[in-house]
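Here is what each chain is made of, one letter per residue.
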Protein chains: 2
Amino acid sequence: MKFTINRNSFIRTFNDVSRAISTKTTIPVLTGLKLVAESNALILTGSDADISIESTISADDEDNELAVTEPGAIILPAKFFGEIIKRLPESTMTVSQSGDSLQTTITSGASEFTINGLEAATYPQLPTITAAQSLNLPADILHQVIAQTVIAVSTQESRPILTGVHVTISNNQLLAVATDSHRLAQRKIELDGEVSDADFVIPGRSLNELGRMLADDVKTVELRIAENQVLFSFDHTAFFSRLLDGNYPDTSRLIPTSANTTVEFDAPALLSAINRASLLSHESRNNVVRLALSVADQTATLFGNSPEVGNVEEQLSFTNLQGEDIEISFNPDYMKVALQGVGQSTIEVAFTAPLRPFTLVPSEDHDHYVQLITPVRTF
Amino acid sequence: MKFTINRNSFIRTFNDVSRAISTKTTIPVLTGLKLVAESNALILTGSDADISIESTISADDEDNELAVTEPGAIILPAKFFGEIIKRLPESTMTVSQSGDSLQTTITSGASEFTINGLEAATYPQLPTITAAQSLNLPADILHQVIAQTVIAVSTQESRPILTGVHVTISNNQLLAVATDSHRLAQRKIELDGEVSDADFVIPGRSLNELGRMLADDVKTVELRIAENQVLFSFDHTAFFSRLLDGNYPDTSRLIPTSANTTVEFDAPALLSAINRASLLSHESRNNVVRLALSVADQTATLFGNSPEVGNVEEQLSFTNLQGEDIEISFNPDYMKVALQGVGQSTIEVAFTAPLRPFTLVPSEDHDHYVQLITPVRTF
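Here the structure is a predicted model, which is why all the values come from computation and not from measurement. Each chain carries its own residue numbering, running from 1 in the direction its sequence is written. Written order determines the labels here, with chains lettered from A and ligands numbered from 1. Local features in a predicted model are, by the rule used here, given only for residues with pLDDT of at least 70; side-chain atom pairs are given and counted only at 80 or more, and totals for whole chains, interfaces and linings are based on all residues. In computing side-chain properties, one takes all heavy atoms of the structure into account and sets aside hydrogens as well as water.

A.B. asks: In this structure, what is going on with the side chain of S55 of chain B? I would like to understand it.
C.D. replies: Residues and elements named next belong to chain B. Under the DSSP-based scheme used, a helix requires at least four consecutive residues in state H or I and a strand at least two consecutive residues in state E, with every element numbered from the N terminus. Take S55: it is sitting in strand β4 (residues 51-58). Using a 1.4 Å probe on the protein chains alone, a residue whose accessible area is under 20% of its type maximum counts as buried, one over 50% counts as exposed, and one in between counts as partly exposed. A residue is classified by how much of its surface remains accessible, and S55, at 3% relative accessible area, is buried. A polar contact of 2.8 Å, which involves the side chain of S55, links it to the side chain of T237. Note on contacts: a residue pair is in contact if any heavy atoms of the two residues lie within 4.5 Å. Filtering out sequence-adjacent residues up to four positions away, S55 remains in contact with T13, V17, L42, I43, L44, H236 and T237. Here a polar contact means two N or O atoms within 3.5 Å. Within protein one must be a hydrogen donor candidate and the other an acceptor candidate, and residues neighboring in sequence count only if both atoms are side-chain atoms.

A.B. asks: I tried to follow the relation of the copies chain A and chain B on my own but got confused; where do I start?
C.D. replies: Relating one copy of the chain to the other takes a rotation about an axis and a shift parallel to that axis. What sets the superposition is a least-squares fit of C-alpha atoms, and only residues with pLDDT of at least 70 in both copies go into it. For the pair chain A and chain B, the best superposition has an RMSD of 0.0 Å and corresponds to a rotation of 180° with a translation of 0.0 Å parallel to the axis. The relationship between the two copies is best expressed as a two-fold rotation axis. Distance from the rotation axis, computed per C-alpha, reaches its smallest value in chain A at K24 of chain A: 16 Å. Residue by residue, 100% of the interface of chain A is reproduced at the interface of chain B, so both copies engage with the same surface.

A.B. asks: Could you clarify how one ought to interpret the sheet that holds strand β24 (residues 346-351) of chain B in this entry?
C.D. replies: Residues and elements named next belong to chain B. Within the open sheet, the 9 strands sit side by side as β14-β11-β12-β13-β26-β25-β24-β18-β22. Their pairing is antiparallel. Looking at which strands have only one partner, the edges of the open sheet turn out to be β14 (198-203) and β22 (319-323). Along the sheet, successive strands turn relative to each other by an average axial angle of 20°, direction set aside. Looking at chain direction, strand β25 (residues 358-362) and strand β26 (residues 369-373) are connected through 3 bridges and run antiparallel. In the strand pairing of β26, T359 is matched with L372. To obtain each axis, a line is fitted to C-alpha atoms, and for helices this fit is confined to the stretch in contact; angles are then taken between N-to-C directions over 0 to 180 degrees. Each of β13 (183-190), β24, β25 and β26 is contacted by helix α6 (residues 332-342), which is oriented at about 175° to β26, the strand it contacts most. The criterion for strand pairing is that DSSP finds at least two bridges linking the strands in question.

A.B. asks: Looking at this model, I keep getting lost on the interface of chain A and chain B. Mind explaining?
C.D. replies: Between chain A and chain B, the residue contacts involve 27 residues of the former and 27 residues of the latter. Simply put, the buried area is the total loss of 1.4 Å probe accessible area from both parts when two parts are fitted together. With both chains or domains summed, chain A and chain B bury close to 2300 Å², and 58% of this area falls on carbon and sulfur atoms. Area buried by chain A at its contact with chain B is led by F80, R276 and L279 of chain A, which between them contribute 26% of it. Note on definitions: salt bridges are taken to be side-chain nitrogens of Lys or Arg within 4 Å of carboxyl oxygens of Asp or Glu. If you look at where chain A meets chain B, you find 0 salt bridges. Our count for the contact surface shared by chain A and chain B stands at 14 residue pairs in polar contact (both at pLDDT 80 or more). Looking at the side of chain A that touches chain B, the elements with two or more residues in it are α2 (78-87), β9 (111-116), α5 (267-281) and β21 (310-315) of chain A. Considering only residue class, the side of chain A that touches chain B consists of 12 nonpolar, 7 polar and 8 charged. Taken together, the 5 bridges between β21 of chain A and strand β9 (residues 111-116) of chain B define a ladder with antiparallel strand orientation. Note on β9 of chain B: the bridge partner recorded for V312 of chain A is F113 of chain B. Gly falls in the polar group here, along with every residue not listed as nonpolar (Ala, Val, Leu, Ile, Met, Phe, Trp, Tyr, Cys, Pro) or charged (Asp, Glu, Lys, Arg).

A.B. asks: I tried to follow unusual backbone geometry on my own but got confused; where do I start?
C.D. replies: Most peptide bonds take the trans configuration, and most residues that are not glycine carry a negative phi. Residues and elements named next belong to chain B. Although it is not a glycine, A49 sits at a positive phi angle of roughly 80°. Considering the arrangement of structural elements, one finds A49 in the loop between β3 (41-47) and β4. In this structure A49 comes out as partly exposed when scored by relative accessible area, which is 47%. The phi dihedral of E65 is positive, around 45°, even though this residue is not glycine. Residue placement: E65 occurs in the loop between β4 and β5 (67-70).

A.B. asks: Please clarify how the packing of α5 of chain A against helix α2 (residues 78-87) of chain B should be interpreted in this entry.
C.D. replies: Packed helices, taken two at a time, are described by the angle their axes make and the gap between the axes. At a minimum axis separation of 9 Å, α5 of chain A and α2 of chain B run at an interaxial angle of 170°. Classed by the angle they form, the pair α5 of chain A and α2 of chain B counts as roughly antiparallel. Taking contact as the criterion, the partners of N275, R276, L279 and L280 of chain A in α5 of chain A are, on α2 of chain B, F80, E83, I84 and R87 of chain B. Classifying every residue of the contact of α5 of chain A with α2 of chain B by side-chain character gives 4 nonpolar, 1 polar and 3 charged. The scheme is simple: roughly parallel for angles under 35 degrees, roughly antiparallel for over 145, roughly perpendicular for 65 to 115, oblique for anything else.

A.B. asks: What am I meant to see in the side chain of N6 of chain B here?
C.D. replies: All names here are of chain B. Within the secondary structure, N6 is located in strand β1 (residues 2-6). In terms of polar contacts, N6 uses its side chain to reach the backbone amide nitrogen of S9, at 3.0 Å. Once residues within four sequence positions are removed from consideration, N6 is found in contact with D63, N64, E65, S91 and T92.

A.B. asks: How should I be thinking about the sheet that holds strand β6 (residues 72-77) of chain B in this particular structure?
C.D. replies: All names here are of chain B. Strand order in this open sheet of 8 strands is β6-β2-β3-β4-β17-β16-β15-β10, and the pairing throughout is antiparallel. Because the sheet does not close on itself, it has two edges, and the strands there are β6 and β10 (135-138). Neighbour to neighbour, the strand axes of the sheet diverge by 20° on average, direction disregarded. As defined by bridge partners, strand β2 (residues 32-37) adjoins β3 across 4 bridges and the pair is classed as antiparallel. In the sheet register, K34 faces β3, and the bridge partner there is T45. Packing of α2 onto the sheet brings it into contact with β2 and β6, and relative to β6 it is tilted by some 95°.

A.B. asks: Could you clarify how one ought to interpret the environment of I225 of chain B in this entry?
C.D. replies: Residues and elements named next belong to chain B. Mapped onto the secondary structure, I225 falls in strand β15 (residues 220-225). Taking the relative accessible area as the measure of exposure, I225 reaches 28% and is therefore partly exposed. Taking the C-alpha atoms as reference, I225 lies 30 Å from A59; in sequence the two are 166 residues apart. Not counting residues up to four positions away in its chain, the partners in contact with I225 are A131, A198, F200, V230 and L243.

Structure below.
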């Protein structure tokens, strides 16, 4: 194997593929980067068995300055190889390895590294996805769906199915739901054209990594689903993720359909106030803040308290406070994450009772994004 | 106590004083910030017993928007108080506490915090320095002296005296030396006017904190030395540091006065090459790189090696290679730090023998800054 390539092009692709490479894996070959040089292209593969990423650098794109003089394949220690290529002195580098030798030489300018690789044939096969049907999604919409739901997945392994996002495709609509049983986030999008129904649960970690790869220059992502795998294809990259086994709980009846009190807040302003109040709740044994809404007085007051350290009280700005008075206590960290999910928007918060979950929806669109937070009993 | 102040002015001073406040101290009162409101100024004090910083915010500076309506004093929990003031909603804040109560109220806009303080009288006295004589140093020079020497102090407590920088003032010259017994850094400056002799050892940690406080707008620092304390005064700040007890070893004869091989390198280019070579030495049990200089061939070659991972070889660019051939092995991390100390400069490296310390000096000035690195025996 021997090729020369533009170092920045290589590093960019290497960084993408590295998202799937873990240093903590128990399978030694998976700490490696698989590198295949074909006559006209370089294929980089990384995998941690849950996520696999394969990305191609083509010689057709002149920016890559790719010239393969001898095709071949090798597995190189990913972390170490990554540190080398980032520190090489020149804008191009040459990687070569001859015959059966596993020693690979990387040269750039006056610098020459020789590192020990592993045989490419020992690398596990990537999943094969034969699904004929695919679904095309605009990358920015997919990115938004991911960002707005993955925030509510569980990080606890006690109920593994809740560490994923539940995706249901039916009636030309995609519904993504995540919940850790204390809060829930649900995002809906309408799909173009005829799409077959589907129902699967993707690990939250896979979606986080995928979200980070959907940079601004990605326009469309093609989705293919198999028995226990999903494949996202975009640009020169194939992103495979394992799906989670098991039945996702029915969440459709959790979201209240009526409310006794509603109020609107500017999301960033409410976030700042929650951040202040949580300074005190974080010092307390039970991490809870209290919100008191008085319709007659038209006041919204937020309280935080820690017996050791002190307390905080803040009058919140709001609009359209209607319905019954309510006092409700909740974990401010759930509210923070929920408000980050809606961004620079106005939100409507709707309550039914002090111990019943309350909802947050963007004021300008009640139909496509809803979040639910379960209050905390403080008495 | 009651005062209103511009929040940014307060935060800036708070951040300075906080450098001396440790959350790990065994003396509870030292986790606090001492706050004294006088009729026309606010005095903030922080201390960890080794370093004490006292800084004044004056009402005379209109940018501070300081108005003290009731003088007084309190100790507030520094970490927590700092988090509060950084998150307040408005550009000013009011701090108040009445009578003997230790409860202190912080208000800003619609947000009101109440936190528990400690009695100001329980705060330890700052050192008193009665030295009549003082030494004025330009802040930028002092900053450079600190940056160029403190890099060589020992981080090990086995020989406490080596964790400090040894400062000697004599013959209107200031000499600062630090060594951890593997490498040494020595910086000399000429002083203006008549200055009395002095000899003391300042903890490296104190100098690091002081260096960070010498921002660009500080012009001059006044230095006063007492038995076991040193005081640096600048702008509205007094920075006290404990001095280290004990005799600093005599370093004057460690620096070789002649050389058998000399060579010049561009410091940033050599640093990059050392960074590459150390990728491999860091994977090896003994962290060593090897430099081979051949005068006849006019080559300088750097080698790094790790039996498990691989090796690296690089031809270095240089000028003025003279004297005898030499091969020398050293810890690349010492060389990295030394090169960072000289910055964007050309350096002259001078060797006497493979197992004797070698020196680095800036090519443009051989007299004021010298660093010494002890090689490693590899056979």
